[in-house]
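Topology and contacts: notes
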Amino acid sequence: MGYKVAVVGATGNVGREMLDILAERAFPADTVVALASRRSLGQEVSFGDKTLKVQALDQYDFSGTDICLMSAGGETSKEWSPRIGQQGCVVIDNSSAFRYDSDVPLIVPEVNADAVVGFTKKNIIANPNCSTAQLVVALKPLHEAATIKRVVVATYQSVSGAGKDAMDELFNQTRAVFTAGEVKVQKFPKRIAFNVIPHIDVFMEDGSTKEEWKMVAETKKMLDPKIKLTATCVRVPVFIGHSEAVNVEFERPLSAEEATQILRSAPGILVDDKREPGGYITPHEAAGEDATYISRIREDITVENGLSFWCVSDNLRKGAALNTVQIAEVLVNRKLISPKQKAA
């Protein structure tokens, strides 16, 4: 008997990707329901070779649903996830609403799948920020090998992380530049076409942004509270795929060759590092793929036990939708939930 799964925010970038990945991975669902706000009521979205009509979130009864994949933003999640959880449906939330709640597990299956059992407190599981997800996949096996002391990361984040309107803005601005039209700035604080913006999310009192703070807090919660991390998060004119320049300082020596072997054998990672022109992965190649790609692995001789590498992943997949579906797979594979709708 299969599960009943609801996808909230089904008309958005990540919601559509969730539906695609549920179908691609043949998730054991007998029924999949597409939900969104009332303004999307009646719209159609694809699920495998089927078409689903979007239903209104505020009119849906979750009592017969097993898993809710939530990708409708923080405010919607804060309002709805606890209510849905109370109806006995497990919510896997892609927003930041519950990531820092001590009663809600924050999960990347390759990193801390065992922590998922904590979902029973609120029936909510949190998905990390897109930039954190790919980073901790790479850091976990290295931390186990040599214990990480400090991480310095600069991100190069695609516009799809800010939603469909942001993708449209990059497209429209780029076209305007080439046709000598008006470059309209609406979604981002400055022009994004042919530019980079060192500002994602709101500014905090210490001068860092919320995105940078998220990377620190989430890495500590999922990997190790003792790790020191500093981030500079930058929006770049790329449609899909986040990249990160990562510098790590370890407690113990770890050569580039050892790190490469460790990363090659780690789950969820593909190493493509040829030390020649084109011998690395860019967001263009990573788009539409599930892996976290690692390139440019080299020792950093400016610090003791230092290592640098380049990390790229599809932010809509591993950074969001794929990770959410993988969490659902952990629940099913470990028999932590069973379908409510029993066979007659």
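Residues numbered from 1 in each chain as written. Predicted model: local features only at pLDDT ≥ 70, side-chain atom pairs only at ≥ 80, totals over all residues. Heavy atoms only, no water.

Here we look at the environment of Thr65
Along the chain, the position of Thr65 falls in the loop between strand E5 (55–56) and strand E6 (67–70). In this structure Thr65 comes out as buried when scored by relative accessible area, which is 0%. For the pair Thr65 and Asn323, spaced 258 residues apart in the sequence, the C-alpha separation amounts to 20 Å. (Helix = DSSP H or I, 4+ residues; strand = E, 2+ residues; numbered from the N terminus. Buried < 20%, exposed > 50% of the residue type's maximum accessible area, 1.4 Å probe, protein only.)

Digging into the nonpolar core
The nonpolar side chains of a soluble globular protein tend to be buried with one another. Phe62, Leu139, Val151, Val246, Ile294, Ile297 and Phe309 are the most contacted members of the largest nonpolar core, which totals 54 residues. At eight residues, the largest contribution of residues to this core is made by helix H4 (residues 130–146). Residue contributions to this core reach at least three from each of two domains, namely domain 1 (3–127 + 321–334) and domain 2 (131–158 + 196–313). Those residues in contact with Leu139 that lie beyond four places of it in its chain are Ile148, Val151, Thr219, Leu223, Val246, Val248 and Phe309. Grouped together as the second largest cluster of nonpolar side chains are 36 residues, Phe47, Val325, Ala328 and Ile337 included. (Core = buried A, V, L, I, M, F, W, Y, C linked by side-chain atoms within 4.5 Å. Domains from an automatic or database assignment. Contact = heavy atoms within 4.5 Å.)

Remarks on the domain arrangement of the protein
Annotation of the protein at the domain level lists domain 1 (3–127 + 321–334) and domain 2 (131–158 + 196–313). Spacing between the C-alpha centres of domain 1 and domain 2 amounts to 27 Å. The junction of domain 1 with domain 2 conceals about 1,200 Å² of combined surface from both sides, 66% of it contributed by carbon and sulfur atoms. Looking only at domain 1, the three residues that lose the most surface to domain 2 are Tyr100, Glu110 and Val111, adding up to 48% of its buried area. Taken together, the links from domain 1 to domain 2 amount to two salt bridges. Linking Glu218 and Arg99 is a salt bridge whose minimum nitrogen-to-oxygen distance equals 3.2 Å. Seen at the junction of domain 1 and domain 2, the total is six residue pairs in polar contact (both at pLDDT 80 or more). Broken down by element, the residue count for the side of domain 1 that touches domain 2 peaks at three residues, all from helix H3 (residues 109–112). In terms of residue class, the side of domain 1 that touches domain 2 is built from seven nonpolar, two polar and four charged. (Buried area = accessible area lost by both parts, 1.4 Å probe. Salt bridge = Lys/Arg side-chain N within 4 Å of Asp/Glu carboxyl O. Polar contact = N/O pair within 3.5 Å; in protein donor to acceptor, adjacent residues only side chain to side chain. Nonpolar A, V, L, I, M, F, W, Y, C, P; charged D, E, K, R; others polar.)

Here we look at the UniProt feature "binding site: NADP(+)" (unreviewed entry) in the protein
Residues annotated by UniProt as "binding site: NADP(+)" (unreviewed entry) correspond here to Thr11, Gly12, Asn13, Val14, Arg39, Ser40, Ser160, Gly161 and Asn315. Sequence-wise these annotated residues cover 305 residues; spatially they are dispersed, their C-alpha atoms as much as 26.2 Å apart. With respect to the secondary-structure elements, Gly12 resides in the loop between strand E1 (3–8) and helix H1 (13–24). With relative accessibility at 16%, the residue Asn13 sits in the buried group. Leave out the neighbours within four places in its chain, and Asn13 touches Ser160, Gly163, Lys164, Met167 and Leu316. (UniProt positions renumbered as here; feature names shortened; annotations may be inferred.)

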